[in-house]
Amino acid sequence: MKHDYELQEDWDCDIYERMHHLIEINPWAWQSIGAVSGLVGGVLTPVLGTLLIAVTWFIHSEAAVSSLNGLSIVSFVLTIPLLTFGAYCLDLLERKTARLSLIKEQQLNELASESRPARCQAR
């Protein structure tokens, strides 16, 4: 049973390494920026909403409490769309890099076949 847990842990680590590699290839593409901002924003907005609710416990101004409650609700509602947007951008980034790696692989194969002598190609 412990072996299965270790495999799952290694698999999770590979996912984070793969995400880092995808973003590192082209860090200023809009897909990379969208993925980072969506995933980080999706994690931080519930924390912000929780902090806003905690602040309302200590403030006694009715207008401020009303505004803070509204902002906390908005931050909780934004969590799912931000996470979805981040995941969508990661998918686009993965497709883009998969296409680029396929094109590079084809170019390398063409270069390798051109550089071989004629007698090697006949085999």
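What comes next is a walk through the structure. (Residues numbered from 1 in each chain as written. Predicted model: local features only at pLDDT ≥ 70, side-chain atom pairs only at ≥ 80, totals over all residues. Heavy atoms only, no water.)

1. Some details on the overall build of the protein
Here's step 1: The helix and strand tally for the protein stands at five helices and zero strands.
Here's step 2: Counting from the amino terminus, helix and strand elements in the protein follow one another as α-α-α-α-α.
Here's step 3: The buried share of the protein, reckoned over its 123 residues, is 20%.
Here's step 4: Summarising the internal contacts of the protein: among those between residues at least 6 apart in sequence, 70% fall at separations of at least 24. (Helix = DSSP H or I, 4+ residues; strand = E, 2+ residues; numbered from the N terminus. Buried < 20%, exposed > 50% of the residue type's maximum accessible area, 1.4 Å probe, protein only. Contact = heavy atoms within 4.5 Å.)

2. Here's the deal with a nonpolar patch on the surface
Here's step 1: On the surface, a cluster of nonpolar side chains totalling about 510 Å² of accessible area is made up of V36, V40, V43, L44, I80 and L83.
Here's step 2: Listed by contribution, the elements that provide at least two residues to the nonpolar patch are α2 (30–56) and α4 (79–115).
Here's step 3: With four residues, the top contributor of residues to the nonpolar patch is α2.
Here's step 4: Overall, V40 belongs to the partly exposed group, its relative accessible area being 44%. (Patch = residues over 30% accessible without salt bridge, like charges linked within 9 Å, V, L, I, M, F, W, Y side chains within 5 Å. Areas by Shrake-Rupley, 256 points an atom, 1.4 Å probe, with all protein chains shown as cover. Salt bridge = Lys/Arg side-chain N within 4 Å of Asp/Glu carboxyl O.)

3. Quick word on the environment of V77
Here's step 1: Looking at the element boundaries, V77 is found in helix α3 (residues 62–77).
Here's step 2: It is 8.7 Å that separates the C-alpha atoms of V77 and P46, two residues lying 31 residues apart in sequence.

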